[in-house]
Amino acid sequence: MLHQDPHAVLPQSSVNEAARQNFLNQLGKHVLNEITPGNKAAYEKRVLPKFKAKEGREPETRHEIRKAMVHDPYYQMTSSFQRTVQEMMWNSVDDTIQRQLPELIKTAKDIREGETVGSLTLDQDFEIPAYVAENDHHCMPGGYSGDLVEDDITAGALYDKGAYIYTQGLFGTRMDGIGKATALMLGREFPDFNPEKILEIGCTAGAASTGIKGFYPDAEIHAIDVGPAVLRYGHARAESFGIPIHFHQMSGEDLKFDDESFDLVNCGATFHEMSRPAVYNVFKETYRVLKPGGVFLMSELPPYDGMDPWMQFVKDWDTYNNNEPFWGTMHEMDFAEVAEAAGFDPSKYWQGFGPGIAEANALTNAVEVQNKKFMGSTRGGGNAWYAHMVK
Ligand SMILES: C[S@@+](CC[C@H](N)C(=O)[O-])C[C@H]1O[C@@H](n2cnc3c(N)ncnc32)[C@H](O)[C@@H]1O
């Protein structure tokens, strides 16, 4: 049974809606943990022998495996189940939001216009990059950029409530598990580091920023995103928890902050939703705004490098079936090379595994999660993959 910590703009499910959402949560787990693993048998018993008979060798890349697997009825069935559950889940959350949208918009507006501890700065002339505006990432209806009614907050509410169900509670009851894991990672790698000014790139509903703030209570935190509705929601949400965060509508590719003005820049689970040139631009801008000695920390799902082609194929399901067009490209990127191109000293670049969300949540006593699988791959709450570099 899922239970997310309430706050002023969290959409409240009716009894019927909650039953539907819990059902979809269970169905998602069942499909992933009990049904999709059968693809391995379909591959070994049917697809691989056929491939070998035709080509006289084993598949060498995930693309060859995918092109063979898409004709297999079991893979077609599991992909269809996964995609359908995903769409049903978002729709179930969207129904809950639309039923109370006018009140949620009013609450967010009242919070903005009242006494606040943080701030919200939107840019009327801002042009949302095509890689966000033209795609509904992970099938979220309207994506991150939708601003369908005046003062809309839908995209933020969808992400906050939907991602909680989608990740089966993995991010914790306050959705701040990523932020807590990030802070644990920083504490492990840079024990004496005490950043005064922090920038979060791709903050969405601001959940990571609020998690980080708990570990660095004196830091001034600026959180940026391109979508106005996620920012309005994130601001109201942080204010409702009494956590001061300064939200800005801004692209990580074109930061409106002074050179050498931040001690820490964090970018979590965001590069997989950006185009390849955009990733290079964000690294360059990050280098510019970091103070000498400042740290850039990024976290993502691990690169494909070193995985066998079957595992790469499993992990790459989202690229072709879950509206994640940059997923595969990003997992092949060499971030050490991207960092060097931006100006970072290669000897101060590190990448590897660190505390995951489950560890962060267990340590902070937030929630017990099923550390097994969710969505198209064996993404669990165990270790997370990070890269960090020092200017
Ligand atoms: C998967 S979400 C990130 C989740 C978030 N970091 C968290 O911890 O909850 C990706 C976010 O990055 C934002 N984004 C994409 N391109 C961006 C850019 N160029 N600058 C700033 N934000 C961007 C999207 O609008 C979206 O809200």
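Because the structure is a prediction, the values reported are computed rather than measured.

What counts and what doesn't
Residues numbered from 1 in each chain as written. Predicted model: local features only at pLDDT ≥ 70, side-chain atom pairs only at ≥ 80, totals over all residues. Heavy atoms only, no water. Helix = DSSP H or I, 4+ residues; strand = E, 2+ residues; numbered from the N terminus. Rg over C-alpha atoms; globule rule 2.2 N^0.38 Å. Buried < 20%, exposed > 50% of the residue type's maximum accessible area, 1.4 Å probe, protein only. Contact = heavy atoms within 4.5 Å. Salt bridge = Lys/Arg side-chain N within 4 Å of Asp/Glu carboxyl O. Near = heavy atom within 4 Å. Polar contact = N/O pair within 3.5 Å; in protein donor to acceptor, adjacent residues only side chain to side chain. Pairing = 2+ DSSP bridges. Axes fitted to C-alpha atoms, helices over the stretch in contact; angles between N-to-C directions. Parallel < 35°, antiparallel > 145°, perpendicular 65-115°, else oblique. Nonpolar A, V, L, I, M, F, W, Y, C, P; charged D, E, K, R; others polar.

Enquirer: So what exactly am I meant to see when it comes to the overall build of the protein chain here?
Expert: Broken down by element type, the protein chain carries 16 helices and eight strands. The C-alpha atoms of the protein chain give a radius of gyration of 21 Å, which matches the 21 Å a tight globule of 391 residues would have. By the burial criterion, 58% of the 391 residues in the protein chain qualify as buried. By sequence separation, contacts in the protein chain at least 24 residues apart represent 81% of the contacts at least 6 residues apart.

Enquirer: Explain the pattern of salt bridges to me, please; I cannot follow it from the model alone.
Expert: Opposite charge on two side chains permits them to pair, given that their charged atoms come into close proximity. All told, the structure shown has 23 salt bridges when counted by the stated rule. Between R20 and D95 there is a salt bridge, with its nearest N and O atoms 2.9 Å apart. Of this pair, R20 sits in helix α1 (residues 15–35) while D95 sits in helix α4 (residues 73–99), and the two are 75 residues apart along the sequence. Residue R20 is classed as partly exposed on the basis of its relative accessible area, which comes to 35%. Under the relative-accessibility criterion, D95 is labelled partly exposed at 41%. Here the salt bridges do not stand alone but share partners, grouping R112, D147, D151 and R232 into one network.

Enquirer: In this structure, what is going on with the site of the ligand? I would like to understand it.
Expert: The environment of the ligand is made up of 20 residues, and the closest members are Y131, G202, T204, D225 and G252. Between G202 and the ligand, the recorded distance is 2.8 Å, taken from a backbone N or O atom to a nitrogen atom. Separating an oxygen atom of the ligand from a side-chain N or O atom of D225 is a distance of 2.6 Å.

Enquirer: Looking at this structure, how should I read the pairing of strand β8 (residues 384–390)?
Expert: For a regular strand, the rule is simple: side chains alternate between the two faces of the sheet. Along β8, seven of the seven residues are buried, which leaves the element largely enclosed by surrounding structure. Burial along β8 is two-sided: the face carrying A384, Y386, H388 and V390 and the face carrying W385, A387 and M389 are both buried. Looking at chain direction, strand β6 (residues 290–300) and β8 are connected through six bridges and run antiparallel. Note on β8: the bridge partner recorded for M298 is A387.

Enquirer: What is the right way to look at unusual backbone geometry in this model?
Expert: Phi is positive for M175, close to 60°, though the residue is something other than glycine. Tracing the chain through its elements places M175 in the loop between α7 (154–166) and α8 (177–189). Residue class for M175 comes out buried when judged on its relative accessible area of 3%. For A269, which is not glycine, the phi dihedral falls at a positive 50°. Assignment of secondary structure puts A269 in the loop between β5 (262–268) and α11 (276–289).

Enquirer: How should I be thinking about the packing of helix α2 (residues 39–55) against helix α3 (residues 62–69) in this particular structure?
Expert: Think of two packed helices as two axes; the pair is described by the angle between the axes and how far apart they sit. Relative orientation of the contacting elements α2 and α3 amounts to 95°, with a least axis distance of 10 Å. One element, α2, and the other, α3, form an angle in the roughly perpendicular class. Between α2 and α3, the residues in contact are N39, Y43, V47 and F51 and E64, I65, A68 and M69, respectively. Looking at the contact of α2 with α3 residue by residue, the class counts come to six nonpolar, one polar and one charged.

Enquirer: Any chance you could explain the environment of S251 here in plain terms?
Expert: Turning to its location among the elements, S251 is positioned in the loop between β4 (246–249) and β5. Overall, S251 belongs to the buried group, its relative accessible area being 8%. For S251, the side chain forms a polar contact with the main-chain nitrogen of E253, separated by 3.0 Å.

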